[in-house]
Each structure stands twice: as C-alpha cells, then as structure tokens.
Amino acid sequence: MQHVEETELHPLHPHPQLARTRWTDLCGEWGFAYDDANKGLDEGWAQRTDVFDRAITVPFPPESQASGIGDPSPHPIVWYRRTFQIATENPQDRLLLHFGAVDYSAHVWVNGRLVAQHEGGHTPFSADITTALDSTRDEQVIVVRAEDSPTDLTQPRGKQYWREKPRRIWYHRTTGIWQPVWLEPVSHTYIAEVRWTPDLDRGLLGIQVTLNKKPEQAMRLGVRLSLGGVTLADDIYMTDNQEIRREIALDSAGVVMRREEVLWSPRFPNLIEAVLTLQSSQPDGEQTAILDEVQSYAGLRSVGVSNGRFLLNGRP
C-alpha cells in the first residue's frame, strides 16, 4: 500500500506526546462551501468539485478573519475539500488521517468513500484511510462535512453563544475544522497512545503504552528517557499484549538534590524527553525490525493538599 512522502519532524508537531518523524501537514488552503439548505448529502457533494466555491485556511474556523472568510453569521453545515499526493516507498505501510478537532459532528470521505464519523467538537479523532487510497489517481481527495447547530442547547458548546450575536463574551462561535489536520504513515502494528504517571515518593515514572491492536507475536518496546542531554533510563520490555504498563525507577536522591533541574513547576518547567521504539521480536541471531518510533515527554511533579494549602512537589 502507498503512503505519503517523508518529511522532517516539525517543531510544532500537532501531537507532541506522540510525534513521529514522518508526517504530512494538511493545514493551509482547502476548498470550502456553506450548505445552509442541507442538500450536500443528497446531491453527492463528497464526490463533486463545483460546489466548493470558496477557499478557507485550515485550521481557522470560517468565523475567524484568519480563515480568509470571516463570516460570524450562523451556518449550521459546512463542507471542506482538499487533495494530497502519495508515494510508493513501503507497500506495508498504513496511512492515518488525524483531526485535532471538528466542531461539532463530522463526516469524512477519502476518494468518495466514507472513512470516519465523529461527534464532539473538542476531541481529536483519526481514521485509517489505507483501503480508500486509489493508486490510479494523481491526487487523493479528502472531503469533510461538519454540522454545528447554533440553536441546539443540548449540544455541548463551551462558551459559544447560541444566538446570532455574542452576549457576555467578546468572541464569535466556532464552526467546522478548528484544530490541525495531518497524515502519518505507520506499520500494521503501532503505538496508538502513551500515558505517564509520576510517583515522586517512590522515585518512579509510570508508563502506559497502548498499541493499535494485540500483536500477533511478541514485541520489544524500547523506552529511553533523558533530561538536558543526560540519559535517565534506557530499558527494553517484552510484551505480547495490546497494553503495556511499567514503572521506571529513577534516582530519587538525585531528584531531591537537583529538584530545580529535574522537577516540573511553572517556574522551572522541566520536561523529560522520551523516545519509544516498538520492534518485532525475532529468533536468536536475526535482526529485529523497527515497527514504530515516537517521541514523547513527561513532567515529574506531585500534587497534594495539606492544612488547607495546595502543594506542588511537596511545597505550598
């Protein structure tokens, strides 16, 4: 299967907790159309080009001047369209399409095929679009339909006001794509989620890694932690489960002695850099294959309450 061409890791990767070196930024100019009459589904807009009579700069919502449209009036349904090209470097890759957030209900098509439906204007979602790619096309087509009813008071809306003009707040509502969109090629088995849990009292950093599926054979997960160029841990864990939970021992005495250099606080926002590598486990003598590698980070801190005072790292 085909995948996008490689790009260098950008300092502003959309998901810095799970950043890969290969990704393609899909922000920028998209085709755009209002669908106030809600006729786009019946008329097959997902496979048409003529209806997209405007251009919009993603990820700015159409109400924003930065989008190039700047129309704050209510439009309950909006459509987006853009194309991208693919290469043929690794036929084993899968291709993920990521959305940081679309307000409120989203349908996504690739080459006319529905690949994702999502509800919730503040949460990210992704789709594996590999089977929707068409090698006979010079360009692949993404179409997004977003529905955001301004008068539905049962819909979670944060501080967005439901009437035409804002009251009590100074900004207008947000409709459609308002967070980054990007592509990532991955292997069949890859790291889907990572969570960190610091435990300063015990000198441990907990890690929870979730794979996209249960592996067919045992895997090796490498975890390398560093801070300021100093390696704190470099471990390998064997697993045949979809979820891996481990506690990594840190030098608790060193943490206490060098707390301003190690612990996270607003004044000293130290972050531990992490590199996670997922490898296939081969028989003795055979070289392991790297299936996935992501960059992440963690902050060492504790929170608590004592004598009616909030404590950060044991101090008021």
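Here the residue index of a chain counts from 1 through its sequence in written order. For a predicted model such as this one, the threshold for reporting local features is a pLDDT of at least 70, and the threshold for listing and counting side-chain atom pairs is 80 or more; totals across whole chains, interfaces and linings nevertheless cover every residue. The basis for every side-chain value is the complete set of heavy atoms in the structure, and neither hydrogens nor water enter the calculation.

K.L.:
Let's hear about the overall build of the protein: which residues, and what values?
P.N.:
For helices the rule is a DSSP run of H or I covering at least 4 residues; for strands it is a run of E covering at least 2, with both sets numbered from the N terminus onward. Assigned secondary structure in the protein consists of 2 helices and 21 strands. Per-residue burial over the protein gives 45% buried out of 316 residues. Any two residues whose heavy atoms approach within 4.5 Å at even a single point are treated as in contact. Considering only intrachain contacts with a sequence separation of at least 6, the fraction spanning at least 24 residues in the protein is 65%. Note on exposure labels: buried denotes an accessible area under 20% of the residue type's maximum, exposed denotes more than 50%, and partly exposed covers the range between, all computed with a 1.4 Å probe on protein chains only.

K.L.:
Can you lay out the packing of aromatic side chains for me, pointing to particular residues and giving the numbers?
P.N.:
Aromatic pairs are defined between Phe, Tyr and Trp rings, using the six-membered ring for Trp, whenever the two ring centres lie within 6.5 Å; interplanar angles under 30 degrees are classed as stacked, those over 60 as edge-to-face, and all others as tilted. Under the defined criterion, the tally for this structure stands at 6 aromatic pairs. Plain terms: the ring middles of Phe32 and Tyr80 are 5.2 Å apart, the flat faces sit at 70° to each other, and that makes the pair edge-to-face. Here Phe32 is found in strand S2 (residues 28-34), whereas its partner Tyr80 is found in strand S4 (residues 77-84), with 48 residues between them in sequence. According to the relative accessible area criterion, Phe32 is buried, its value standing at 0%. Three or more aromatic residues joined by ring pairs make a cluster, and in this case those are Trp30, Phe32, Tyr34 and Tyr80.

K.L.:
Any chance you could break down the sheet that holds strand S16 (residues 230-239) for me, citing the residues and the numbers?
P.N.:
By this definition, two strands are paired if DSSP reports at least two bridges between them. Read across the open sheet, the 4 strands follow the order S16-S15-S18-S19; overall the sheet is antiparallel. Single-partner strands in this sheet number two, and they are S16 and strand S19 (290-298). Within the sheet, the average angular offset between the axes of one strand and its neighbour, ignoring direction, is 15°. The angle between two axes is taken between their N-to-C directions and runs from 0 to 180 degrees, where each axis is a line fitted to C-alpha atoms and a helix contributes only its stretch in contact.

K.L.:
Which residues make up the sheet that holds strand S5 (residues 94-99), and what are the values?
P.N.:
Strand order in the open sheet formed by 4 strands is S1-S12-S5-S9, and the pairing between neighbours is antiparallel. Where the open sheet ends on each side, the last strands, each with one partner, are strand S1 (24-25) and strand S9 (125-128). With 4 bridges joining them, S5 and S9 adopt antiparallel strand pairing. Paired with Leu97 across the bridge in S9 is Ala127.

K.L.:
An account of the pattern of salt bridges is needed here, citing residue identities and associated values.
P.N.:
For side chains of opposite charge, pairing can occur when their charged atoms come near one another. Whenever a carboxyl oxygen of Asp or Glu lies within 4 Å of a side-chain nitrogen of Lys or Arg, that contact is scored as a salt bridge. Counted under the stated rule, the structure contains 12 salt bridges. Here Arg245 ties to Glu243 by a salt bridge, and the two come within 2.8 Å at their closest N and O atoms. In the salt-bridge network here, residues are joined through shared partners; they are Arg20, Glu184 and Asp292.

K.L.:
Quick rundown of the environment of Val181? Include the residues and the values.
P.N.:
Here Val181 lies in strand S12 (residues 181-186). With relative accessibility at 0%, the residue Val181 sits in the buried group. On a C-alpha basis, the gap between Val181 and Pro124 in space is 9.8 Å, while along the polypeptide they are 57 residues apart. In this view, Val181 contacts Thr24, Asp25, Leu26, Cys27, Trp30, Val58, Leu97, His98 and Phe99; residues no more than four positions away in its chain are not counted.

K.L.:
Can you lay out the nonpolar core for me, pointing to particular residues and giving the numbers?
P.N.:
Side-chain atoms within 4.5 Å are what join buried Ala, Val, Leu, Ile, Met, Phe, Trp, Tyr and Cys residues into a set we call a nonpolar core. Trp30, Tyr80, Phe84, Leu97, Phe99, Ile129 and Ile142 are the most contacted members of the largest nonpolar core, which has 30 residues in total. For Ile142, the contacting residues outside a window of four places in its chain are Leu26, Trp30, Tyr80, Arg81, Arg82, Phe84, Leu97, Val108, Trp109 and Val110.

K.L.:
Provide a residue-level description of unusual backbone geometry, including the pertinent values.
P.N.:
Cis peptide bonds are those with omega within 30 degrees of zero, and the linkage from Val58 to Pro59 qualifies with 15°. The topology assignment puts Pro59 in the loop between strand S3 (54-58) and S4. The linkage connecting Asp103 with the following residue, Tyr104, adopts the cis geometry, with an omega of 10°. Tracing the backbone through its elements, the reader meets Tyr104 in the loop between strand S6 (102-103) and strand S7 (105-110). With a phi angle near 55°, Asn307 is a residue other than glycine that sits in the positive phi range. Assignment of secondary structure puts Asn307 in the loop between strand S20 (303-306) and strand S21 (309-312). Overall, the relative accessible area of 77% leaves Asn307 in the exposed class.

Just distances and angles here, no functional claims.
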